[in-house]
Amino acid sequence: MSLATAAAAAEALPSAQRRLLATAGVWIILIAAPFWMPLVGGYTDLGTRVIVLGLAAMSLNFLLGYTGMMSFGHAAYFGLGVYGAGLILKDVTASTPLALVAGTLLGGIAGVVFGRLIARTRGVAFAMITIAFQQILYYVAYKWNGVTGGFDGLRGFVRQPIHLGPLVLNIRSNDLVFYYFVLAIFALAVGAMGLILRSPFGRTLLAVRENQRRARFLGIDVNRHVWLSFSVSAFFIAIAGALYALLNNFADPSSMYYVLSGQFVIMAVMGGMRTFWGPLLGAAVFVVLQNYFSSITLNWLFFVGLLFVLVVMFFPRGLLGIFQRRRAA
Amino acid sequence: MLQLILFNVFNGLIIGAFYVLLALGLSMILNLSNVINFAHGNFLALGGYLAYVLIPYVGFWPSLLIAPLLTAAIGFIIERTMVRRVYGRDPVYSLLLTFGLAFMIEDACRYIWGVNGLPLTTPSSISQPLSSTFFFITAYRLFMVAIVIVVVAGLFAFLRYSRMGMRIRAGVLDLDTVSALGVNVKLLRSLNFAVGIFLAGLAGVLAGGQIGLNPNMGDSLLLPSFIAIIVGGFGSLTGTLAGGLLIGVTSAITAVFYPSAQQAVVYALMILVLLVRPQGLLGEEGLVI
């Protein structure tokens, strides 16, 4: 397998170069995706889906993998991104950039507000309270028929072409253009995430993850850092949500359901929650497997559940985590 | 109006009783093993379906006991083979594991018993209304409330007075010490898990008689049970009991005046409690789970 050979070759290099090489590899694969995917039975919209869900899983992992706080309720902020973007396109103005901004702000600000309460707790209590807050938003989306369309969801909007001066990006009908548009937003978001993680703030989050008591003794306000990390993570996942609305031209309450939160967590864990790119790989594997199982059996949910169980029992460090361990050994 | 309010309070108590049965089991597992059992609602459905299979052979009354016991046995096996492997690890793994189990049990029920709902026949002796004014008080509902009261009282007595109950309570406080004193804590955790699942299975049989069976019947009960635990306070079973009844009745009374806020009010209650008393009504301060 070429991936394995590449990894073996990379092992001989010093770590900074190795990281640069891995990053370059990821981008080459992503940029070339529309060209190699048809060869293995994929199609462009599937690639877009992987990128969007991958961004969601990476955003969750900012909190899960880099701060050590387990949110099982991140679909809430993802879903607010979906509805925020959808409502702008449907009821306010036919502007894609505005829809993206609105979705991001809606989900992000909700994350800041709820995060304030959530950040006081830890461990399984933290997880349960994130689920409860998510359920509030789910019921709002489900019951508020006049605005959200209730159970049937929000229909009747389409993503609009983007005008950049004389240049028009026709993301509406050309799915290849849309893929690169989504990839560009993804690049901006992931770049920002990487910078934040390398900043002193990001290093402090790692300190919180490794040992909260020690962090407190060093003068770090742990609750505040958990809250900030939660907020940052909510903003990023709301971007993914807004892109998801553009991808589907549709918003419905299932985008806020706890099942989706669970899927984000499994993507992060399956890919490797202690790695930067792992959640993206996890999202790709998850989307492909779900597609495959739902095409061959009605009982695909059983196999999704089995995947969860198998990952937990046999691959707790995730796919990229396996490489990491081998390198460490 | 009075009749309407009474009707809703009574309904609230019944729904609250289901929350209590589920939440007590969840809480027991959470306290001793630090695992959130996402599959709890699916064990509830499984209990209902097992009763459905058993009733034609043994009748309703024995099924009421046998079906939850069988569910508990399945829970015991699942704990021994899978759940115990995530003890002491990052809680993300226990959540993912039970989440996956929830999918598997739900889909297995759907595969075996079909997508459509099934009725669970209850004896005709307990399905008649007791009076025409209070038409909502059927004997079955009174009987359900009675069963829940007996079971909950039994559970508290078991935890308070039996040897195993004392070990469970001690284990919640300090599992290492209990282990050092020679108690087989692995077995203790398995049995504790099974007791929790028994309560879920029992709730499933009772709920099946009331609303019928379908593969995801536990979903709508699971999340309010979480709220019951949060509101009541982590680590306190009495708190869970109070929390379950409180949210059941609150949501039922809200339904009289403003039906569409019926679910929302439960969450509003939770936020209020978190703001005023982050550890929950009866939770201990400084208890970090």
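Note that the coordinates shown come from a computational prediction; the quantities given were computed from them, not determined experimentally. (Residues numbered from 1 in each chain as written. Chains lettered and ligands numbered in written order. Predicted model: local features only at pLDDT ≥ 70, side-chain atom pairs only at ≥ 80, totals over all residues. Heavy atoms only, no water.)

Trainee: Could you clarify how one ought to interpret helix α13 (residues 278-296) of chain A in this entry?
Mentor: Side chains three or four residues apart in an α-helix point the same way, a direct result of the helix having 3.6 residues per turn. Its 19 residues place the ends of α13 of chain A 27 Å apart at the C-alpha level, agreeing with the 27 Å of an ideal helix rising 1.5 Å per residue. Within α13 of chain A, the full set of buried residues consists of G278, P279, L280, G282, A283, F286, V287, Q290 and F293 of chain A. (Helix = DSSP H or I, 4+ residues; strand = E, 2+ residues; numbered from the N terminus. Expected span 1.5 Å × (residues − 1). Buried < 20%, exposed > 50% of the residue type's maximum accessible area, 1.4 Å probe, protein only.)

Trainee: I tried to follow the interface of chain A and chain B on my own but got confused; where do I start?
Mentor: How big an interface is tends to be reported as the loss of accessible area on association of its parts. The interface of chain A with chain B comprises 42 residues on the first partner and 43 residues on the second. Of the roughly 3900 Å² buried at the junction of chain A and chain B (both faces included), carbon and sulfur atoms supply 80%. Our enumeration of links across chain A and chain B arrives at 0 salt bridges. Taken together, chain A and chain B are joined by 3 residue pairs in polar contact (both at pLDDT 80 or more). (Contact = heavy atoms within 4.5 Å. Buried area = accessible area lost by both parts, 1.4 Å probe. Salt bridge = Lys/Arg side-chain N within 4 Å of Asp/Glu carboxyl O. Polar contact = N/O pair within 3.5 Å; in protein donor to acceptor, adjacent residues only side chain to side chain.)

Trainee: Hey, could you run me through the side chain of T130 of chain A in this one?
Mentor: All names here are of chain A. Mapped onto the elements of the fold, T130 is located in helix α6 (residues 123-143). When its relative accessible area of 1% is taken as the criterion, T130 is described as buried. A distance of 2.5 Å separates a polar atom in the side chain of T130 from the backbone oxygen of A127. Setting aside its immediate chain neighbours within four residues, T130 contacts M70, S71, F72, G73, I118 and F230.

Trainee: How do you make sense of a nonpolar patch on the surface when you look at a structure like this?
Mentor: Residue and element names in this part refer to chain B. A grouping of Y52, V53, Y57, V58, L65, I66, L69 and L70 is seen on the molecular surface, where their side chains present a nonpolar patch of about 720 Å² in accessible area. Secondary structure elements with two or more residues in the nonpolar patch: α2 (40-58) and α3 (60-81). Within the fold, V53 resides in helix α2. (Patch = residues over 30% accessible without salt bridge, like charges linked within 9 Å, V, L, I, M, F, W, Y side chains within 5 Å. Areas by Shrake-Rupley, 256 points an atom, 1.4 Å probe, with all protein chains shown as cover.)

Trainee: Explain the environment of G182 of chain B to me, please; I cannot follow it from the model alone.
Mentor: Looking at the element boundaries, G182 of chain B is found in the loop between α7 (175-180) and α8 (185-211). A sequence separation of 70 residues divides G182 of chain B from I112 of chain B, and the C-alpha atoms of the two residues are 43 Å apart.

Trainee: Teacher, can you tell me more about the packing of aromatic side chains here?
Mentor: For any pair of aromatic rings, the description rests on two quantities: the centre-to-centre distance and the angle between the ring planes. Tallied over the full model, the rule gives 30 aromatic pairs over all chains. Consider the rings of Y138 of chain A and Y139 of chain A, whose centres lie 5.8 Å apart with planes at 65°: the pair is edge-to-face. The pair Y138 of chain A / Y139 of chain A is uniform in exposure class, with both members buried. On the basis of an interplanar angle of 10° and a centroid distance of 4.6 Å, the ring pair of Y49 of chain B and W113 of chain B is categorised as stacked. Of the two residues, Y49 of chain B sits in helix α2 while W113 of chain B sits in helix α4 (residues 91-113), which places them 64 residues apart along the sequence. The exposure classification of Y49 of chain B matches that of W113 of chain B, with both residues buried. An aromatic cluster of at least three residues, connected via ring pairs, comprises F72, Y138, Y139, Y142, Y257, Y258 and F308 of chain A together with F38, F99, F103, F226 and Y267 of chain B. Over the ring of Y87 of chain B we find R189 of chain B; its NZ or CZ atom is 4.2 Å from the centre of that ring. (Phe/Tyr/Trp six-rings, centres within 6.5 Å; stacked < 30°, edge-to-face > 60°. Lys NZ or Arg CZ within 6 Å of the ring centre and 35° of its normal.)

Trainee: Could you clarify how one ought to interpret the nonpolar core in this entry?
Mentor: Across soluble globular proteins, nonpolar side chains have a tendency to be buried as a group. The biggest cluster of nonpolar side chains holds 205 residues, and the ones touching the most others in it are F78, F181, F186, L243 and F264 of chain A together with L206 of chain B. When sequence neighbours within four positions are dropped, the list of residues in contact with L243 of chain A reads V52, L55, L100, F178, F181, V182 and I185 of chain A. (Core = buried A, V, L, I, M, F, W, Y, C linked by side-chain atoms within 4.5 Å.)

Trainee: What should I look at first to understand the packing of helix α12 (residues 258-271) of chain A against helix α14 (residues 300-314) of chain A in this one?
Mentor: When two helices pack together, their arrangement is given by the angle between the helix axes and by the axis-to-axis distance. Residues and elements named next belong to chain A. α14 packs onto α12 with a crossing angle of 40° between their chain directions and a minimal axis gap of 11 Å. Here α12 lies oblique to α14, going by the angle between them. Handedness of the α12/α14 crossing: left-handed. Residues G262, Q263, I266, V269 and M270 of α12 touch α14, and the partners they reach there are L307, F308 and V311. Partitioning the contact of α12 with α14 into residue classes produces 6 nonpolar, 2 polar and no charged. (Axes fitted to C-alpha atoms, helices over the stretch in contact; angles between N-to-C directions. Parallel < 35°, antiparallel > 145°, perpendicular 65-115°, else oblique. Left-handed = near helix turned anticlockwise from the far one by under 90°. Nonpolar A, V, L, I, M, F, W, Y, C, P; charged D, E, K, R; others polar.)

Trainee: How should unusual backbone geometry be read in this particular structure?
Mentor: For residues besides glycine, phi is generally negative; the peptide bonds are generally trans as well. Notably, N249 of chain A is not glycine yet its phi reads approximately 50°, a positive angle. With respect to the element layout, N249 of chain A can be found in the loop between α11 (222-248) and α12. Non-glycine residue N34 of chain B carries a positive phi angle of around 55°. Taking the relative accessible area as the measure of exposure, N34 of chain B reaches 36% and is therefore partly exposed.

Trainee: Is there a simple way to think about helix α8 (residues 175-198) of chain A in this case?
Mentor: All names here are of chain A. An ideal rise of 1.5 Å per residue puts 34 Å on 24 residues; α8 measures up with 34 Å between its terminal C-alpha atoms. For α8, every residue scored as buried is listed here: F178, Y179, F181, V182, L183, I185, F186, A189, V190, M193, G194 and L197. Two to three positions downstream of the cap, the backbone nitrogen of L176 sits 3.0 Å from a side-chain oxygen, assigning the N-cap of α8 to N174.

Trainee: When you look at the environment of T104 of chain A in this model, what are you seeing that I'm missing?
Mentor: Structurally, T104 of chain A is set in helix α5 (residues 96-118). Taking the C-alpha atoms as reference points, T104 of chain A and G150 of chain A, separated by 46 residues in sequence, lie 21 Å from one another.

Trainee: Which parts of the structure should I look at to understand the packing of helix α2 (residues 15-36) of chain A against α8 of chain A?
Mentor: All names here are of chain A. Where α2 meets α8, the closest approach of the two axes is 10 Å, and the angle between their N-to-C directions is 165°. With respect to α8, the axis of α2 lies roughly antiparallel. Note on packing geometry: the crossing formed by α2 with α8 is right-handed. Residues R19, W27, L30, I31, A33, P34 and F35 of α2 pack against L176, Y179, Y180, L183, F186, A187 and R198 of α8. For the contact of α2 with α8, the class distribution of residues is 12 nonpolar, no polar and 2 charged.

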